[in-house]
Amino acid sequence: MVHYFTNAVGRCRRLFILKPHSGMPIYRQLLEQIRRMAASGQLPPGTELPSIRELALKHAINPMTVSKVYTLLEAEGVLERNRGKPMTIATPERTQAPLANRLEQLEPHVEQVALAAQQLELTEKDVVKALHNAWEKNDEQPVHRRTRPR
Amino acid sequence: MNSPYIAAHGLGKSFSGKPVLADVSFTVEPGDVVGVLGKNGAGKTTLLELVLGFTPATAGGVQLFGYDSYRLPGAAKARVGFVPQQDELVNQLTAADQIGVISSFYPKWDDTLVGRLSQEWEVDLTQRVKNMSVGQRQKLSILLGLGHRPDVLILDEPVASLDPVARRQFLEQIIEVAADGNRSVVFSSHIVSDVERLANKIWILKDRRMFWQGDFDSLKDSIVRLHARSTRPLPASLEIPNALSVQRDGTIATAIVQGWSPDMHDGLARQLDAELEIEQLTLEEIFLELHR
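Residues numbered from 1 in each chain as written. Chains lettered and ligands numbered in written order. Predicted model: local features only at pLDDT ≥ 70, side-chain atom pairs only at ≥ 80, totals over all residues.

This part covers the packing of helix α2 (residues 52-59) of chain A against helix α6 (residues 164-179) of chain B. Where α2(A) contacts α6(B), the axes come no closer than 9 Å and their chain directions differ by 160 degrees. In this view, α2(A) runs roughly antiparallel relative to α6(B), as classed from their interaxial angle. Judged by the sense of rotation from one axis to the other, the crossing of α2(A) with α6(B) is right-handed. For the pair formed by α2(A) and α6(B), the contact residues are I52(A), R53(A), A56(A) and L57(A) on the first element and E172(B), I175(B) and A179(B) on the second. Partitioned by chemical class, the residues of the contact of α2(A) with α6(B) number five nonpolar, no polar and two charged. (Axes fitted to C-alpha atoms, helices over the stretch in contact; angles between N-to-C directions. Helix = DSSP H or I, 4+ residues; strand = E, 2+ residues; numbered from the N terminus. Parallel < 35°, antiparallel > 145°, perpendicular 65-115°, else oblique. Left-handed = near helix turned anticlockwise from the far one by under 90°. Contact = placed C-beta atoms within 7 Å. Nonpolar A, V, L, I, M, F, W, Y, C, P; charged D, E, K, R; others polar.)

Residue and element names in this part refer to chain B. Locating I223 in the fold gives a position in the loop between α8 (216-222) and β11 (224-230). Judged by C-beta crowding, with 23 C-beta atoms within 10 Å, I223 ranks as buried. Here I223 is in contact with I256, Q258, L281 and I286, once residues within four sequence places are set aside. (Buried ≥ 20, exposed ≤ 12 C-beta atoms within 10 Å, placed from the backbone.)

Many authors give the size of an interface as the accessible area that is lost as the parts come together. Residue and element names in this part refer to chain B. The domains assigned to chain B are domain 1 (6-219) and domain 2 (223-290). One C-alpha centre belongs to domain 1, the other to domain 2, and the line joining them spans 38 Å. Across the boundary between the two partners, domain 1 contributes nine residues, which contact six residues of domain 2. Elements with a minimum of two residues in the side of domain 1 that touches domain 2: α7 (192-198), β9 (201-206) and β10 (209-215). In terms of residues, the side of domain 1 that touches domain 2 owes the most to one element, α7, which gives three residues. Here the residues of the side of domain 1 that touches domain 2 are counted per class, giving seven nonpolar, no polar and two charged. (Domains from an automatic or database assignment.)

Okay, here's the thing in structure tokens:
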């Protein structure tokens, strides 16, 4: 069972493949497919998603399952809710991962710095100051925004 | 927060001292689609009949729209739809007359909906019930349960006699009801794949009790088959938390684990000194494993 839909300009056709009779819950299948397609750019920002009812009927699945996926992806910043209009794939600025996730990615680096600072018998204040200087220095250089793969 | 449409507490039923259902509690919220699973004789039909107030409870009780279901006022009755396992159609009537009889009980009968569905489902309204096939009778019976647009729709094995096309049409209709968001469906079925598609809540009845109930997604996420492979023989008594069953054969073991979460993986792998592989189960497999 596949589902096709078109983006705002009606060009790209995409599909979901949902297998209810699989060990993976349907919501996770749909969640991961939309997430992957948005991340890879297969579903470019602005792509309109089918309505909850439409998708549920097409795949003969519970509308709440679709609604749950849309809500989760909206919270993640992958989807954008538009008043009275279909949900769309969010623009890249909005697809930023939640703070907790980004902090988690930073954690190993911070641990390294903390460990090195302790071994060098530096104070917390020294480290914060050094970090501040490094931050300022970086800011002077042109910053390349993360670009999305085509 | 809306109050639940259905709320049962400590519900039980005995026939001449013999229990057929014991200590069942649950709620059904607006928008819920509940799939009721259980072997034959597990108490599914009794449970649905108690909810409908067809029979008094012998323990606890069940409320429908806030009323004791056995003493349901007429206005609340009009908000309930029921499709029984054995249809209660009148053989001598034509389908149209049968619809006429039932619709006369409901002030808010939706002729347009019933007309459209009888066409889509190819129910010949001029045919007498006694000349209908089992599948046709079942379709008509479902139409009669849907026609007054009930807020709570209860179906007992509604699709057993339907062909795959008719079953899909039926599923689409249930989705329409669920998409409303303010209506609920409770249905028992042996067709696990339908339950898998539709239900957001699952009740599994076993030995006349509610064996498992909850969110369907969490059921699928939490019950897994775990394969352990070690380089050394595994101990005869494997310490696997929440295991429903464990089979061990030398260096290999397989267990069904309830309440699994991915963060348990590394700890257990170290503890067993084994490589673990987690296999997710289909609803049918879960059902079979729970009945071993």
